[in-house]
Amino acid sequence: MAAAQPGLPAGAAVVRRLARGCWSAFWDYETPKVIVVRNRRLGFVHRMVQLLILLYFVWVASGAGTALFPRYVFIVQKSYQDSETGPESSIITKVKGITISEHKVWDVEEYVKPPEGGSVVSIITRMEVTPSQTLGTCPESIRVHSSTCHSDDDCIAGQLDMQGNGIRTGHCVPYYHGDSKTCEVSAWCPVEDGTTENQFLGKMAPNFTILIKNNIHYPKFKFSKGNIASQKNLKHCTFDQDSDPYCPIFKLGFIVEQAGENFTELAHKGGVIGVIINWDCDLDLSESECNPKYSFRRLDPKYDPASSGYNFRFAKYYKINSTTTTRTLIKAYGIRIDVIVHGQAGKFSLIPTIINLATALTSIGVGSFLCDWILLTFMNKNKLYSHKKFDKVRTPSHYPQGQPPNPPSGRGPTLGELAELPLAVQPPRPCSISALTEQVVDTLDLHVGQRLPVPEPSQQDSTFTDPKGLAQL
């Protein structure tokens, strides 16, 4: 006789049973089971969740204080379209107008930088002019750090301050005005701040006109369009969003006003204004429905003293007696216009339509998931619901000789015993909808643990019968 195999340790036996159970469960098949729960509160929650999901996909609020109106979310978000963002764009600007200061008349060649016109253009509105600068030695600006002195010992010859105007000579000299002294520098003299003239050009600047020519192209859809209508006469028109949207000639005062700024203050300190052109095009519609939308806002931080405003310097050079090179240094304050182009184009495509439609239909199932969680967690008879929702059906091979277990004598089978019946001997459904396995649960009449009697099988049929609707409780 063979020796008996030694018993496995308790832990190993548990692990073995667990592994065997997991392997067996891996080959199980699960199929949905429909249970109708007659509970108004639960049904109300279910329908409300479905309604909210439908409202998200079907209805969109038009804004606070306005009524709802039907706009299918696919149309609002263009989810049924293939889209392209960031069009290829070209921008050309041209400024026209004249203005005056205290001393002279200024034309566009003098107050527009750069003169060629692109997506960025600066319009000078105020100047601080330092005329007749020549190369030589002169006192450093008192605004330069550590430039003040009392004697030559305070100034180091050859020292270069990157925030200053030149190289120090080692001498301490009187300042341009007052009793102060600063270190002498070798530079363009007199330095800025010494004999500065202030000229304001903003008196007539609000009437300057700016032509903004913009053309865009969406390469994916091979679509191009511009913001100037064909055969448009631009000599006698100005921009109006309603009456003349394809005349892109803007007055500078209009741009500043639309950005919500005060023109006089902006002209004195300078600033950056963005002109945003948005091309949102639905290419399923006609080309005439694809129109540019303009918006205006200030881009530099208005309330930050360290970075607010806009200014730059440039110089004009000339010679006196054909020998001495002289220049006029100009610190210019102005309004910089940045033209920014955005856009998105879309056209119908079958693939995104199918994907988003499937997402919408799948989202409706969130209501059923939520109600199942409430049903199995918070309802008074959650154990009964759990028993009816999850059934385990065995095939005949799980029973000896393929026969189902017989119920105890003197009573009919319980619900659990009915669930253990093989598929071949399940009781027939009294419901008229034979294709759908449906069980109806009435929360007002159910009693936990209630057993229903089953009549004896007749001679004509060897299976159980259900004259009272066994599955309808």
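Heading Catalytic activity (unreviewed entry) of the UniProt record for the protein chain holds this comment: "Ca(2+)(in) = Ca(2+)(out)". As stated in UniProt under Subunit (unreviewed entry), the record for the protein chain gives "Homotrimer and heterotrimer; functional P2XRs are organized as homomeric and heteromeric trimers. Homotrimer. Forms heterotrimer with P2RX1. Forms heterotrimer with P2RX6. Forms heterotrimer with P2RX3."

Colleague: Help me get a handle on the environment of N207, residues and values and all.
Modeller: By the secondary structure assignment, N207 is in the loop between strand 12 (197-200) and strand 13 (209-218). Given the relative accessible area of 52%, N207 is considered exposed. Placed 110 residues apart in sequence, N207 and G97 show a C-alpha to C-alpha distance of 7.2 Å.

Colleague: Explain the UniProt feature "transmembrane region" (unreviewed entry) in the protein chain to me, and be specific about the residues and the numbers.
Modeller: Per the UniProt record, the feature "transmembrane region" (unreviewed entry) sits at residues 48-69 and 357-379. The annotated region residues 357-379 carries 87% helix and 0% strand content, and the separation between its end C-alpha atoms amounts to 34 Å.

Colleague: I'd like a description of the nonpolar core, backed by residues and values.
Modeller: The biggest cluster of nonpolar side chains holds 45 residues, and the ones touching the most others in it are Y111, L252 and I337. For this core, the secondary-structure elements that each account for two or more residues are strand 5 (88-96), strand 9 (120-139), strand 13, helix 5 (252-258), helix 6 (263-269), strand 16 (271-282), strand 17 (293-298) and strand 19 (324-348). If you tally residues by element for this core, the top one is strand 19, at seven residues. Beyond its immediate chain neighbours, meaning those up to four positions away, L252 contacts I123, A205, P206, F208, I210, F263, I335 and I337. Formed by seven residues, the second largest nonpolar core is a distinct cluster that contains V37, I374, L375 and M379.

Colleague: So what's going on with the side chain of H46? Which residues, and what values?
Modeller: Locating H46 in the fold gives a position in helix 2 (residues 40-58). Every residue in contact with H46, bar those within four places of it in the chain, is listed here: G367, S368 and C371.

Colleague: Describe helix 8 (residues 365-377), listing the residues and the values that go with them.
Modeller: Because each turn of an α-helix spans 3.6 residues, side chains separated by three or four positions in sequence point in the same direction. For helix 8, which comprises 13 residues, the first-to-last C-alpha distance of 19 Å matches the rise-based estimate of 18 Å (1.5 Å per residue) to within 8%. Here helix 8 has its buried residues at G367, C371, I374 and L375. All buried residues of helix 8 lie within an arc of 100° about the axis, which places them on one face of the element.

Colleague: Talk me through the state of the cysteines; I want residue IDs and the actual numbers.
Modeller: Disulfides are covalent bonds that link the sulfur atoms of two cysteine residues. Under the criterion given, the structure shown has five disulfides. Numbered in order of appearance, the disulfide-bonded cysteines of the protein chain are paired 1-6, 2-4, 3-5, 7-8, 9-10.

Colleague: Now, about unusual backbone geometry: what can you tell me, with residues and values included?
Modeller: Look at the link from K113 to P114: it is a cis peptide, with omega at -10°. Structurally, the position occupied by P114 is in the loop between strand 8 (112-113) and strand 9. That bond from C189 to P190 is cis: its omega, -5°, falls within 30 degrees of zero. Look at S146: it is not a glycine, yet its phi comes out positive at around 60°. Counting through the fold element by element, S146 comes out in the loop between strand 9 and strand 10 (167-174). Its identity as a non-glycine residue notwithstanding, K222 has a phi of 55°, on the positive side. Structurally, K222 can be placed in the loop between strand 13 and strand 14 (223-226). Relative accessible area serves as the criterion here: at 74%, K222 is assigned to the exposed category.

Colleague: Before we move on, could you go through the packing of aromatic side chains and cite the residues and values that matter?
Modeller: If you walk through the whole model with that rule in mind, you get 14 aromatic pairs. An angle of 70° between the planes, with centres 5.2 Å apart, marks the rings of Y175 and Y176 as edge-to-face. In this structure Y175 comes out as buried when scored by relative accessible area, which is 7%. Take Y176: its relative accessible area is 28%, and that puts it in the partly exposed class. Here the aromatic cluster, defined as three or more aromatic residues joined through ring pairs, consists of F239, F250, F254, Y294 and F296. Of note, K104 hangs over the ring of W106, and the distance from its end group to the ring centre comes to 4.1 Å. Sitting over the ring of F314, K113 keeps its end group 4.7 Å from the ring centre.

The rules behind the values
Residues numbered from 1 in each chain as written. Predicted model: local features only at pLDDT ≥ 70, side-chain atom pairs only at ≥ 80, totals over all residues. Heavy atoms only, no water. UniProt positions renumbered as here; feature names shortened; annotations may be inferred. Helix = DSSP H or I, 4+ residues; strand = E, 2+ residues; numbered from the N terminus. Buried < 20%, exposed > 50% of the residue type's maximum accessible area, 1.4 Å probe, protein only. Core = buried A, V, L, I, M, F, W, Y, C linked by side-chain atoms within 4.5 Å. Contact = heavy atoms within 4.5 Å. Expected span 1.5 Å × (residues − 1). Arc of directions from axis to C-beta. Disulfide = S-S within 2.5 Å. Phe/Tyr/Trp six-rings, centres within 6.5 Å; stacked < 30°, edge-to-face > 60°. Lys NZ or Arg CZ within 6 Å of the ring centre and 35° of its normal.

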